[in-house]
Each structure stands twice: as C-alpha cells, then as structure tokens.
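Residues per chain, in single letters:
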Amino acid sequence: MNITIRPAPLSGTLRVPSSKSMTHREIIAAALAKGETEVTGVTWSEDIEATVRILSLFGAAIEKKEGKEGITLSIRGGLAKQEGLLHADAGESGSTLRFLIPLGLSSGNHVVYTGRGRLSERPLTPYYDMFDRKQISYHTEGGLPLEVQGTLPGGAYELPGDVSSQFFTGLLFALPLADEDSTLRSTTPLESKSYVDMTLDTLARHGITIHEKEEGLYEIPGRQHYKTGTFAVEGDYSQAAFWLTAALSGGTIALTGLSDTSLQGDRAIVTLLKDMGGHIEKKEGRLLAEKSSLHGITMDAENVPDLVPAFAALAAVSEGVTEIIHAGRVRLKECDRLHAMAVELTKLGAEVEEKPEGLVIRGKPVLSGGTVSSWNDHRIAMALASITPKLTGPLTIEGAESVKKSYPRFWEDFRKVGGKVVEA
Ligand SMILES: O=C(O)C1=C[C@@H](OP(=O)(O)O)[C@@H](O)[C@H](O)C1
Ligand SMILES: C=C(OP(=O)(O)O)C(=O)O
C-alpha cells in the first residue's frame, strides 16, 4: 500500500500502543507458568501474533478478549513436548524467533522455524555456535528455515554481546527450567542491555531468581518454576518517539499511557529530544510536546537502537550537525536502517553521510516532498511520516502497510492528530 501525506501540523491527544517488548516477555512468562495468567492492555500487532502462534504450538492455551480497555490475553501456561515436527512461523519478528528457539528446546520439541521478509538474513550465528557446543542437532541452508531438535542442558553459556541482546533474553527465559544450574556470560560488552534488564524484571515478577554477578554475567539456578499473575502492559516509548518527533516538527501532541518509571531504555527519547531543544513536559499525567527550534547533538545508539530512524529524521530538519554513533547493529533490523534513512532522507534533499557505525546529518530548515520507500520496515515508514510538517510538498510512502509489524493503527492515529493521509 502506498500513502500520500500532505504537510500539515499534527495536534491532538493519543494513547500510545503498549510496549511490544514488554508484551512479548509477559506472554512468554505466562506461557511458562502452570496455571492462568492475564495480560491486559495489549496492542495486537503481527509480531505479538507471531509469539502467540508459536507458544500455542508449544502447548500454551492463549485466549484473546477485546474490551473497552483494549485487549486482554488469558494464558494457560505449561509448555510440553508435542507430537511430530512443529512448523513455527515467526513472521518478521526477530524477538519471537530468538526468544523462542531456546524454549522449543526446553519443551522438548522438534521444530522447523520459518519467517518472512528480512528475518531469514538477520543473525542467528550465536545460537548455531551454542548448538555446536551443546550438541544440539540443527539444520539450515543459511538462515530460515531452521530445524532444531534436542534438549537445553544447564551449564556454562557464552554469547557475544554485540550482535543482539535477544539471544540473552531467550536463554534467560529457558535456563531456569533446566535440571542443572547455569551461567550466562557475555564475551564482549553487552549492548542493548536495557532490554536484558527488562527481561530480568519480568522474570522476577514471575518468581524466577537470576543473579547478575557483574555486567554481562548471570548466574541462573536451575529447577525453577514460573508463577502466574496479572500484568498490565505500559505504553511504548519507541512508538511515542514518532509522535514526539511529529509534534516538535510542527504541532502539539499529548501522549497518554506512558510510565515515568519505565524500564524501557527507549524512555531516553525524552531526554535526547530535550537536549536538542525540544519542549516536552509532563502535564496532568500526559507527555506534552510542541513545535520547537531544534539543534543537532550527538546521539549514542548503543542502548536505544530502535530510536535511530525517528531521531535521524528529526535531525535532518534541525539546525546544525547531528552525529548518531554506535549504531552498527541498526543495520541488522527489518532493513539496514542506517542505509535506508540515508537514502530516503537524501531523496527529500537532506544532507546525510553514512558511516559504518552511524550517520552524520547536517540539518536543513525544511525538506522537499517526494516519493520514498519504507523498505518494508515499520520504523522507517513511521519516521518519515513524522517529519511531514517540515516538508514543502506531499510525501508518498511506498510500503506503508509495514506499520502492521508493531503499530497497525498508526495511520488511523496519524489522521486523528490532523494528518492529511490518503491512499495513493
Ligand atoms: O529485546 C527486545 O525486545 C528488543 C531488543 C532490541 O534488539 P537488539 O538486542 O538486537 O538490539 C530491539 O532492537 C528490538 O526491537 C526489541
Ligand atoms: C527490530 C525490531 O523488532 P524485532 O527485532 O523483534 O524484529 C523492531 O521492532 O524495531
């Protein structure tokens, strides 16, 4: 689907979707707890659907109920060995695939994992190395499909810390179920660490003990049991980033549903945008952002990779130079996001220099309209849409349906704040 946006100020109040990262984690913990758990305030998206699909295949019973307060998932946990070869479709979700591979093993299942889009090209080597070391049988012709069969023993585990934190989260969910105690160590400084901290928080709420001995070293007692409970998912700061960017570009937007004490690393977007000169304040429980004069800063993406597209877009219409550093891993997402943002912003007249590990952006007061591609990546589509108040002509975005991966109602919300969107 292609859409065309006519530049217009964006103003109004929006409830941000609930955190995709937290929802994946809560569903997984619930699926591992014997008994009933309720997860409330869920935003349904293709990625969440993929996690629900595979956990159901492994034996969880997950019921989706729609009410006034959004979606509630009632989950009867207890994963178990199922008959025959299971076909687990992870869609395009890196989190789903990397979180659930260890659980396929610990539930004793023989699984062939498939996926779409760029998922097949995204790294899995840390797991292949682990399979080799732990004598777990697997078959791949490179990427997906990937067939895995075996058991996940406790013991000593090592992973590189600079590929994806999602491998750590996957093992942290599965190793407490092993018969033996385990250690998990990062062989390089652990990047995206805030996501691992979010995992530890979910585990603790479900009665699982993990000892963080030092940064990147975890001791995991075996033979543990997940507890049931009720959990309300909070708003997603990585999605809030697009609305904050939109407001600062031109408009006034109030966001509800965000927690001030959130463990989401992407909460850093508020500080980063304020550092650029953005007017953002907390007022009556809402996060309020308005049109501001912005200047470039240095942004370190090591712990906040998902903020890069929105940040790069805003930098292109801010005064002076912005440098995005430590962003090499951002090339390993739904597309090469550094390259995609450099190419698409340049089409609109921006000055963007691509570096191996980041971007250097020389801002301009306004950019032109034109036709850009989403690269089938939800965050590229949303980032480009968010700066339309600063464009001198209409913007056509090809592949606008990519938002379904995390935020299916994005274009509806865009219209709600006055966005002039039509299907092209
Ligand atoms: O654990 C998570 O929920 C995520 C971790 C991050 O990935 P990396 O650890 O690969 O940076 C992030 O980019 C992704 O969108 C969600
Ligand atoms: C990279 C993302 O998700 P995942 O790694 O789960 O595909 C994302 O949502 O930006």
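Cut-off values and rules
- Counting restarts for each chain: residues are numbered from 1 in the order of the written sequence.
- By the order in which they are written, chains take letters starting at A while ligands take numbers starting at 1.
- Residues qualify for local features only when their pLDDT is at least 70, as the model is predicted, and side-chain atom pairs are given and counted only at 80 or more; totals for whole chains, interfaces and linings, by contrast, use all residues.
- Just so you know, side-chain values use all the structure's heavy atoms and leave hydrogens and water out.
- Numbering of helices and strands runs from the N terminus; a helix is a DSSP stretch of H or I covering at least four residues, while a strand is a stretch of E covering at least two.
- In this setup the radius of gyration rests on C-alpha atoms only. A globule is expected at 2.2 Å times the number of residues raised to 0.38.
- Contacts are residue-level and defined by heavy atoms, with any inter-residue pair within 4.5 Å sufficient.
- Only the protein chains shown count as cover for residues, and the accessible areas themselves come from Shrake-Rupley with a 1.4 Å probe.
- UniProt positions are given in the numbering used here, feature names are shortened, and annotations may be inferred rather than shown by experiment.
- Each residue is placed in one exposure class: buried if its accessible area under a 1.4 Å probe, protein chains only, is under 20% of its type's maximum, exposed if it is over 50%, and partly exposed if it falls in between.
- When the centres of two rings from Phe, Tyr and Trp lie within 6.5 Å, Trp using its six-membered ring, the rings pair. Their planes under 30 degrees apart give stacked, over 60 give edge-to-face, and anything left gives tilted.
- Whether a charge sits over a ring depends on NZ of Lys or CZ of Arg being within 6 Å of the ring centre and within 35 degrees of the ring normal.

1. Some details on the overall build of the protein
Within the protein one finds 12 helices and 24 strands. In terms of overall dimensions, the protein is globule-like: its C-alpha atoms have a radius of gyration of 21 Å, near the 22 Å expected for 424 residues. Dimensions of the protein, computed from the C-alpha atoms along their principal axes, are close to 60 × 45 × 40 Å. Partitioning the intrachain contacts of the protein with sequence separation of at least 6 by distance along the chain shows that 74% fall at a separation of at least 24. A total accessible area of about 16000 Å² is found for the protein, and carbon and sulfur atoms account for 48% of it.

2. Digging into the UniProt feature "binding site: 3-phosphoshikimate" (unreviewed entry) in the protein
If you check UniProt for "binding site: 3-phosphoshikimate" (unreviewed entry), the listed places come out as K20, S21, R25, S164, S165, Q166, S192, D306 and K333 in our numbering. Among the structural elements, R25 can be located in helix α1 (residues 20-32). Classification of R25 by relative accessible area gives buried; the value is 2%. In contact with R25, other than residues within four places in its own chain, are F99, T169, F173, Y195, M198, T199 and T202. The residue K333 is located in the loop between β19 (321-325) and α10 (337-347) in this model. A relative accessible area of 13% places K333 in the buried class.

3. Considering the packing of aromatic side chains
When we look at a pair of aromatic rings, we describe it by the centre distance and by the angle of the planes. Counted according to the given criterion, the structure contains 11 aromatic pairs. On the basis of an interplanar angle of 85° and a centroid distance of 4.7 Å, the ring pair of Y127 and F167 is categorised as edge-to-face. Residue Y127 is found in helix α4 (residues 125-133), and its partner F167 is found in helix α5 (residues 166-174); the two are separated by 40 residues along the sequence. With a relative accessible area of 1%, Y127 lands in the buried category. Note on W411 and F414: the rings are 5.9 Å apart at their centroids and 70° apart in plane angle, and the pair reads as edge-to-face. Taken together, the residues W411 and F414, both in helix α12 (residues 410-416) and 3 residues apart, mark about one turn of the helix. With respect to class, W411 is no different from F414; both count as buried. Three or more aromatic residues link up through ring pairs in this structure, and these residues are Y127, Y128, F131, Y138 and F167. Across from the ring centre of W44, 4.1 Å away, lies the NZ or CZ of K64, which sits over that ring. Note that K134 overlies the ring of Y157, its terminal NZ or CZ placed 4.2 Å from the centroid.

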